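Coordinate inspection notes
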Amino acid sequence: MERFKESTIQINNDFEIMDRMLEHEQVIFCSDPSTGLRAIIAIHDTTLGPALGGCRMKLYETFDDALDDALRLSKAMTYKCAASNVDFGGGKAVIIGDPMKDKTPELFRSFGQFIESLGGRFYTGTDMGTTMDDFIHASRETSNIVGIPEEYGGGGDSSYPTSMGVIYGIKATNKILFGTEDIRGVTYAVQGLGKVGFKVAESLLNEGADVYVSDLDSNNILALQEKAKTALGSVKSVESNDIYSQEADIFVPCAAGGVINDETIQQLKVKAVAGSANNQLQADEHGDKLAELGILYAPDYIINFGGLIQVADELYGFNKNRVLRKTKEIYHTLLKVYQLAELNQISTVKAANQMCEQIISDRQKRNSFYTRSMKPKWDIR
Ligand code: NAD
């Protein structure tokens, strides 16, 4: 109980956030004084299936910040699940706490019990601040956990399908820009050589492309330069801040979110932006701005849905070949978004959102709330 007396959480009377809560099907506040767990689970929409979304752990400054994150991210998951055709709806969880200090196995087991109490309406796994190990603890209380290691029946690291998906997205982008999906002959500026960006840059090099890269960690750049020695293409590293103004055909952001903003957008000299980073646009209007500048934008939640395909596949009994086959769909989904944007003279962000909203409304005509795992076992109609 002591932890709660010390809590600095503030609840503001903010009706805007209340309105946004009401856009969601269900918002659950979880508290377990015995383990110190304080968490929020937001279930945005289960029209397409039970909600799926990762769980963040962060020392939020205020309770509203935590709630805002959960609401915003769970809505984004609804769109991402619709685009990727995985039969899941959108949800997200946040645990309020310091990932460096506040983690215990008991806290994650307690969180697992809350997940279990939702009777299959919400599946979760790792996100910022949480690891597969955390969810091995949670999975002792509930089977509604995804993204765990292969030895626990999961698919393991999802960065491989995510990076494959980015390559398919780049091919679709090249098809629109140059009439051919060939990777070679096009220049790329890759920001971030982490789990996803490194594999993307390596594939581009292997296909014979010229690649400019930046990363805050010089070891990643050195490792890629080593790979380039035996690849067809060439790699050149640039300073972190210079990646935006690099003369290249495609900017491939694979690091942090918010990198397309008022400041960076004016520096871009590329013809397209197509990378894995989540929430690349600081605000949706930056999607309009890119369109006005004639820069083709691959909406992040479409080009990076390979990782989602993998975690969702765990529920069918994980199969790598099936994941890779479904990940290839990014090529066609992105082409469709580009064509819709062109046809309706709107930004690719608006085209993607409209496409997903149409998928959900078409499904609503067939069913309403998704209740498969909540049906009593004796209901055999
Ligand atoms: P990561 O943490 O492994 O790699 C990020 C890399 O970016 C690191 O090497 C870091 O040094 C570098 N970096 C950070 N800030 C930078 C900057 N300003 N300039 C240059 N480099 C910078 O993360 P990841 O798993 O490779 O994910 C990359 C992005 O893709 C993230 O936005 C993530 O949310 C998104 N994403 C990842 C997956 C996945 O399967 N891992 C799935 C969907 C989306």
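In short, a report on the structure. All values reported here derive from a predicted model rather than from experimental measurement.

Attention now moves to the site of the ligand. What surrounds the ligand is a group of 20 residues, the closest being Thr162, Val196, Asp215, Ala255 and Ser276. Here Val196 contributes a backbone N or O atom positioned 2.8 Å from an oxygen atom of the ligand. Asn278 is positioned with one of its side-chain polar atoms (N or O) 3.0 Å from an oxygen atom of the ligand. Alone, the ligand offers 830 Å² of accessible surface; in the complex the protein occludes 72% of this.

Now for helix α12 (residues 306-313). Side chains three or four residues apart in an α-helix point the same way, a direct result of the helix having 3.6 residues per turn. Judged by how many residues are buried, α12 sits mostly within the fold: eight of eight residues are covered. Every buried residue belonging to α12 is among Gly306, Gly307, Leu308, Ile309, Gln310, Val311, Ala312 and Asp313, and all of these are buried. In the core, the buried residues of α12 are packed alongside β3 (51-52), α3 (63-84), α6 (159-178), α13 (320-327) and α14 (329-344).

As summarised here, the arrangement of the six strands in space is β9-β8-β7-β10-β11-β12, forming an open sheet in which the pairing is parallel. Lying at the two open borders of the sheet, with one neighbouring strand each, are β9 (234-237) and β12 (296-297). One ladder, built from two bridges, connects strand β11 (residues 272-273) with β12; its direction is parallel. Opposite Ala272, over in β12, you have Leu296 as the bridge partner.

Further remarks concern the packing of aromatic side chains. Inspection of every chain in the model, using the stated rule, returns six aromatic pairs. Aromatic pair Phe111 and Phe135: ring centres 6.5 Å apart, planes at 70°, arrangement edge-to-face. With Phe111 in helix α4 (residues 105-117) and Phe135 in helix α5 (residues 132-138), the pair connects residues that are 24 residues apart, well separated along the chain. Taken as a pair, Phe111 and Phe135 share a single burial class, namely buried. A connected cluster of aromatic rings, assembled from ring pairs, spans Phe108, Phe111 and Phe135.

Let us now look at a negative patch on the surface. Together, Asp262, Glu263, Asp284 and Glu285 make up a negatively charged patch on the protein surface. Mapped onto the fold, Glu285 is located in helix α10 (residues 285-292). Take Glu285: its relative accessible area is 52%, and that puts it in the exposed class.

One finds Ile170, Tyr188, Leu204, Val252 and Ile302 to be the most contacted residues of the largest nonpolar core, which totals 64 residues. With seven residues, the single largest contributor to this core is α14. Counting 21 residues, the second largest nonpolar core, distinct from the first, contains Cys30, Ile43, Ala93 and Ile148.

With that settled, the discussion passes to the pairing of strand β5 (residues 89-96). Of all eight residues making up β5, eight are buried, and the element is well covered by its neighbours. By the alternation rule, side chains of β5 split into Gly89, Gly91, Ala93 and Ile95 and Gly90, Lys92, Val94 and Ile96, which are all buried. With six bridges connecting them, strand β2 (residues 37-45) and β5 associate as antiparallel partners. Following the sheet pairing, Ala42 is matched in β5 by Lys92. Of the strand pairs in this sheet, β3 and β5 are connected by two bridges, and their pairing is parallel. Each residue of the ladder has a partner; that of Leu52, found in β5, is Gly90. Two strands pair when backbone bridges link them, and strand β4 (residues 55-58) and β5 are joined in this way by four bridges, in the parallel orientation. Looking at the pairing, Met57 lines up with Ile95 of β5.

We now examine a nonpolar patch on the surface. Judged by side-chain polarity, Phe15, Met18 and Leu22 come together as a nonpolar surface patch covering roughly 380 Å² of accessible area. Position of Leu22 among the secondary structure elements: in helix α2 (residues 15-22).

The rules we used
Sequence positions are assigned chain by chain, starting from 1 and proceeding in written order. The model is predicted, so local features are restricted to residues of pLDDT at least 70 and side-chain atom pairs to those at 80 or more, both for listing and for counting; the totals for chains, interfaces and linings are taken over all residues. By convention in this description, side-chain values take in all heavy atoms of the structure and omit both hydrogens and water. Definition of nearness: a residue and a molecule or strand are near each other if at least one heavy atom of the residue lies within 4 Å of the molecule or strand. In protein, a polar contact means a hydrogen-donor-capable atom and an acceptor-capable atom, both N or O and within 3.5 Å, with residues adjacent in sequence counting only if both atoms are side-chain atoms; elsewhere, any N or O pair within 3.5 Å suffices. For the accessible areas, the method is Shrake-Rupley and the probe is 1.4 Å, while residue cover comes only from the protein chains on display. A 1.4 Å probe rolled over the protein chains alone gives each residue an accessible area, and that area as a share of the maximum for its type sets the label: buried under 20%, exposed over 50%, partly exposed in between. Put simply, DSSP H or I for four residues or longer makes a helix, DSSP E for two residues or longer makes a strand, and each gets a number counted from the N terminus. Two residues qualify as a contact provided that any one of their heavy atoms is within 4.5 Å of a heavy atom in the partner residue. Two strands are said to pair when DSSP picks up at least two bridges between them. Stacked, tilted and edge-to-face pairs are distinguished by plane angle, under 30 degrees for stacked and over 60 for edge-to-face with tilted covering the rest, among Phe, Tyr and Trp rings (Trp via its six-membered ring) whose centres lie within 6.5 Å. Exposure above 30% relative accessible area and the absence of a salt bridge qualify a residue for a patch, where like charges join within 9 Å and nonpolar side chains (Val, Leu, Ile, Met, Phe, Trp, Tyr) within 5 Å. Every case where a carboxyl oxygen of Asp or Glu lies within 4 Å of a side-chain nitrogen of Lys or Arg is listed as a salt bridge. Under this rule, positive means Lys or Arg and negative means Asp or Glu; His and the chain ends count for nothing. By convention, the point assigned to a charge is CZ for Arg, NZ for Lys, CD for Glu and CG for Asp. Think of a nonpolar core as a cluster: buried Ala, Val, Leu, Ile, Met, Phe, Trp, Tyr and Cys residues, connected wherever their side-chain atoms sit within 4.5 Å.

Honestly, that's just the spatial picture; any functional story needs more than this.
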